[in-house]
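Letter by letter, the chains look like this.
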Amino acid sequence: MGSIDNYIIRSTLAAFVLVLITLTGVIWMTQALRGIDLMTNQGQTILVFLSVTGLLIPLLMLVIAPIALLIAVIYVLNKLAADSEIIVMSSAGMPPWRIFRPFVVVTAIVASLLAIDAAYLAPDGMRRIKFWNIQITTDVLANILQRGRFMEMEPGLTLRIRDRNPEGDFVGIFIDDRRDPKERLSVIADRGSILKNESGSFLILDRGNLQRFEQGRRDPVIVEFDRYALDMTKYASRSNNLALSERERYLWELLWPEPDDKHYQSHYGAFRAELHSRLVAPLYPFAMIVLTFAFLGAPRTTRQGRMYSILMAVMVTFTLRIASFGLTVGAAKMPWLTPLNYALLIGSIIAGIMMIVRGYSGEPPPRLVETINELSARLTRRLAPS
C-alpha cells in the first residue's frame, strides 16, 4: 500500500477507536448504574461491580462498532473533502474505487472483530453475567444477611449484622440459636465473613464470645474466641443448574445445538433468529460504509453539496440498520424474513458498489440548494444586529 492508503487507514482507525471508546463508555455508564445495588444492597466490592458490568461491553460493541465506524468514515471523508484532497486525488486520475480501497481495509478489520465478538466474546460475557447473578442472587447468605435487620434463618435461629465494610465483610454480628430446647446459644462477634469451599459455606466470626445457656443451670457458660466457624451450607446457593438462553450460547452451539436441549426445543425460532443475527453482524460495516462512500466519496465543491451527502448517507444507513433489526426480530416467528435480511444487506452492498463504480455524484437538486440558501439568508438577516 502507498502513503495515501496508509494515511487514510491511520486516520480512519484513529477516529474509529476514539468514537468507539466514547460511545461505549457513555452507554456502559447508563447500563452500569442499574447494577449499583450490587454494592449498596448486597455488599459487593467495587471490583465485583466493575467486573460484572464490564462484561456488557462486548455485547454493546456489536451495536456500537458499526455506528462508530460510520461516524469515523464520515469524518475522514468530510475532512478530505474540506481540505480538497479528494479533488486533488481525482484530478490526478485516481478512480473512486482506488480511494475506496483503504476504507475497505479498515472495514474488513472491524468486520473481523465483530465476527469474533458475535461468535464468542458477547455470548461469553452474557453467560458470565448470568453466572454472577445466579451466584449472587440465589445465595441467601448474600441477600438475607442485610445490615441492621434481625433475620430468622429458620425457626429458632436469628441473625443480625450491624453493618458491612467496603470489602464486603460483616461488622457487629449477633446470633441467637434456640433450635435445641435444652440449651440456648448467643454469639457476638466484631467481624465476620463468608467462606466457601468444597465442604460448604461457612460464616467465619472473628473476635467474639459465645454464651451457652443450658437447661437446669443458673449461670451461662461464656467462651471467648478469636475465630469461630458457623456452618451455613444449607442456606447457601439453592441451585447450580444454568439454563442458557440463545443470547448466551456460542456460535457453534447455535449451529449445532444438542438435540435433547429442552430450551432449544421450546425456543427453536429464537435460536434460529439469533444464529442468523450473529452471521449477518459482519455484513453491517460493509453495507454501511459502501453506501456512505457512495454518497461522500465523489469530489464536492460546495458546502451545501457535502452537507446534503452527509445527510443522505446518515439517513440511508440508519434506515438500513433499523430495517435489518426489524427483520431480525420478526424472523423469530416468521422464518421467511431471514432471507430478506440477507438480501437487504447484500443488495445494499451491491447497490453501493455500483454507485461507486459509476461515479455517482450525489449532488443535491438545484431547487433544494436554492431553498437552503434562501432560508440561510433569511436567518442571517434576522439574527444580524440592527
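Heads up: the structure comes first, above all this text.
Residues numbered from 1 in each chain as written. Predicted model: local features only at pLDDT ≥ 70, side-chain atom pairs only at ≥ 80, totals over all residues. Heavy atoms only, no water.

> Tell me about the pattern of salt bridges, and name the residues and values.
Counted by the stated rule, this structure contains 16 salt bridges. A salt bridge links Lys79 to Asp83; the shortest N-O distance between them is 3.6 Å. On the basis of relative accessibility, which here comes to 32%, the residue Lys79 falls in the partly exposed class. One network of salt bridges, with partners in common, ties together Asp5, Arg98 and Arg101. (Salt bridge = Lys/Arg side-chain N within 4 Å of Asp/Glu carboxyl O. Buried < 20%, exposed > 50% of the residue type's maximum accessible area, 1.4 Å probe, protein only.)

> Residues and numbers for the nonpolar core, please.
Within soluble globular proteins, side chains that are nonpolar generally end up buried alongside one another. One finds Phe16, Leu69, Leu77, Phe100, Phe103 and Phe293 to be the most contacted residues of the largest nonpolar core, which totals 50 residues. No other element matches helix α4 (residues 57-82), which puts 14 residues into this core. Excluding its chain neighbours within four sequence positions, the residues that come into contact with Leu77 are Ile86, Phe103, Thr292, Phe293 and Leu296. Listed in part, the 16 residues of the second largest apolar core include Leu157, Ile175, Ala189 and Phe225. (Core = buried A, V, L, I, M, F, W, Y, C linked by side-chain atoms within 4.5 Å. Helix = DSSP H or I, 4+ residues; strand = E, 2+ residues; numbered from the N terminus. Contact = heavy atoms within 4.5 Å.)

> Break down the pairing of strand β6 (residues 221-231) for me, with residues and values.
Judged from the 10 bridges that link them, strand β5 (residues 200-214) and β6 form a sheet pairing that is antiparallel. The partner of Arg212 across the bridge, within β6, is Val221. (Pairing = 2+ DSSP bridges.)

> A description of unusual backbone geometry should follow, citing residues and the corresponding values.
Phi angles above zero are rare outside glycine, and Ser84 is one such case at about 60°. Note that Ser84 resides in the loop between α4 and α5 (85-91). Positive phi, normally seen in glycine, also occurs at Arg207, with a value near 55°. With respect to the element layout, Arg207 can be found in strand β5. Among the residues examined, Arg207 registers a relative accessible area of 46% and is labelled partly exposed.

> I'd like a rundown of the pairing of strand β3 (residues 170-177), residues and numbers included.
Among the eight residues in β3, seven count as buried, and that is most of the element. By the bridge criterion, seven bridges tie strand β2 (residues 157-164) to β3 in an arrangement that is antiparallel. For Leu159, the partnering residue across the bridge sits in β3 and is Ile175. Direction of pairing for β3 relative to strand β4 (residues 183-197): antiparallel, over a ladder of seven bridges. Among the inter-strand pairings, Asp176 is bridged to a residue of β4, identified as Ser186. Joining the antiparallel neighbours β3 and β4 is a turn of five residues.

> Break down the sheet that holds β5 for me, with residues and values.
Each strand in a sheet pairs with another by means of backbone hydrogen bonds, the pair being arranged parallel or else antiparallel. Spatially, six strands are ordered β1-β2-β3-β4-β5-β6 in an open sheet, and the strand pairing comes out antiparallel. Sheet topology places β1 (150-154) and β6 at the edges, where each strand pairs with a single neighbour. The mean angle between the axes of side-by-side strands here comes to 25°, regardless of whether they run parallel or antiparallel. (Axes fitted to C-alpha atoms, helices over the stretch in contact; angles between N-to-C directions.)

> Tell me about helix α10 (residues 268-280), residues and numbers included.
Because an α-helix packs 3.6 residues into every turn, residues spaced three or four apart end up facing the same way. Over its 13 residues, α10 runs 19 Å from end to end, which matches the ideal 18 Å to within 8%, given 1.5 Å per residue. Inspection of α10 places Gly269, Phe271, Arg272, Ala273, Glu274, Leu275, Arg278 and Val280 among the buried residues, and these make up the whole buried set. (Expected span 1.5 Å × (residues − 1).)

> Got a sec to walk through the packing of helix α11 (residues 283-296) against helix α13 (residues 337-357)? Specific residues and values, please.
Between α11 and α13, the least distance of the axes is 8 Å, while the angle of their chain directions is 30°. What the angle tells us is that α11 and α13 run roughly parallel. For the element pair α11 and α13, the recorded crossing hand is left-handed. Contact residues: Leu283, Tyr284, Phe286, Ala287, Val290, Leu291, Phe293, Ala294 and Phe295 in α11; Asn341, Tyr342, Leu345, Ser348, Ile349, Gly352, Ile353, Met355 and Ile356 in α13. Looking at side-chain class alone, the contact of α11 with α13 contains 15 nonpolar, three polar and no charged residues. (Parallel < 35°, antiparallel > 145°, perpendicular 65-115°, else oblique. Left-handed = near helix turned anticlockwise from the far one by under 90°. Nonpolar A, V, L, I, M, F, W, Y, C, P; charged D, E, K, R; others polar.)

> For α4, give the residues involved together with the corresponding values.
Val63 marks where α4 bends most, by close to 45°; the proline Pro66 follows one to four residues later. Trailing α4 by a residue or two, Ser84 shows a phi angle of about 60°, which is positive. (Bend = angle between axes of the 7 residues up to and from the residue.)

> Describe a nonpolar patch on the surface, and please don't skip the residues or the numbers.
A contiguous nonpolar surface patch, about 640 Å² in accessible area, is contributed by Ile116, Tyr120, Leu121, Trp252, Leu255 and Trp256. For the nonpolar patch, the secondary-structure elements that each account for two or more residues are α6 (96-137) and α8 (251-255). It is α6 that provides the largest number of residues to the nonpolar patch, a total of three residues. As for its placement among the helices and strands, Trp252 is situated in helix α8. (Patch = residues over 30% accessible without salt bridge, like charges linked within 9 Å, V, L, I, M, F, W, Y side chains within 5 Å. Areas by Shrake-Rupley, 256 points an atom, 1.4 Å probe, with all protein chains shown as cover.)

> Any details on the side chain of Asp5? Residues and values, ideally.
The topology assignment puts Asp5 in helix α1 (residues 3-32). Judged by its relative accessible area of 0%, Asp5 falls in the buried class. Within polar-contact distance, the side chain of Asp5 engages the side chain of Arg101 at 2.8 Å. Not counting chain neighbours up to four residues away, the residues in contact with Asp5 comprise Arg98, Arg101 and Pro102. (Polar contact = N/O pair within 3.5 Å; in protein donor to acceptor, adjacent residues only side chain to side chain.)

> Residue-level account of the layout of surface pockets, with values.
What the largest pocket holds in volume is close to 580 Å³. Residue lining of the largest pocket: 24 residues in total, with Arg247, Glu274, Ser277, Phe325 and Thr328 positioned closest to the centre. Counting only elements with at least two residues in the lining of the largest pocket, the list comes to α4, α6, α10 and α12 (303-330). (1 Å grid on protein atoms, 1.4 Å probe; cavity = no way out; pocket = protein on both sides within 12 Å on 5 of 7 lines; lining within 4 Å. Points joined across faces, edges and corners; volume = space filled by probe spheres on them.)

> Provide a residue-level description of the packing of aromatic side chains, including the pertinent values.
Working definition: an aromatic ring pair is given by the centre-to-centre distance plus the angle between the planes. A full pass over the atoms with the stated rule returns eight aromatic pairs. Taking the centre distance of 4.9 Å and the plane angle of 25° together, the rings of Tyr250 and Trp252 count as stacked. When its relative accessible area of 42% is taken as the criterion, Trp252 is described as partly exposed. The ring of Tyr250 has Arg127 sitting right over it, with the charged end atom 4.1 Å from the ring centre. Over the aromatic face of Tyr284 sits the side chain of Arg321, whose NZ or CZ is 4.1 Å from the ring centroid. (Phe/Tyr/Trp six-rings, centres within 6.5 Å; stacked < 30°, edge-to-face > 60°. Lys NZ or Arg CZ within 6 Å of the ring centre and 35° of its normal.)

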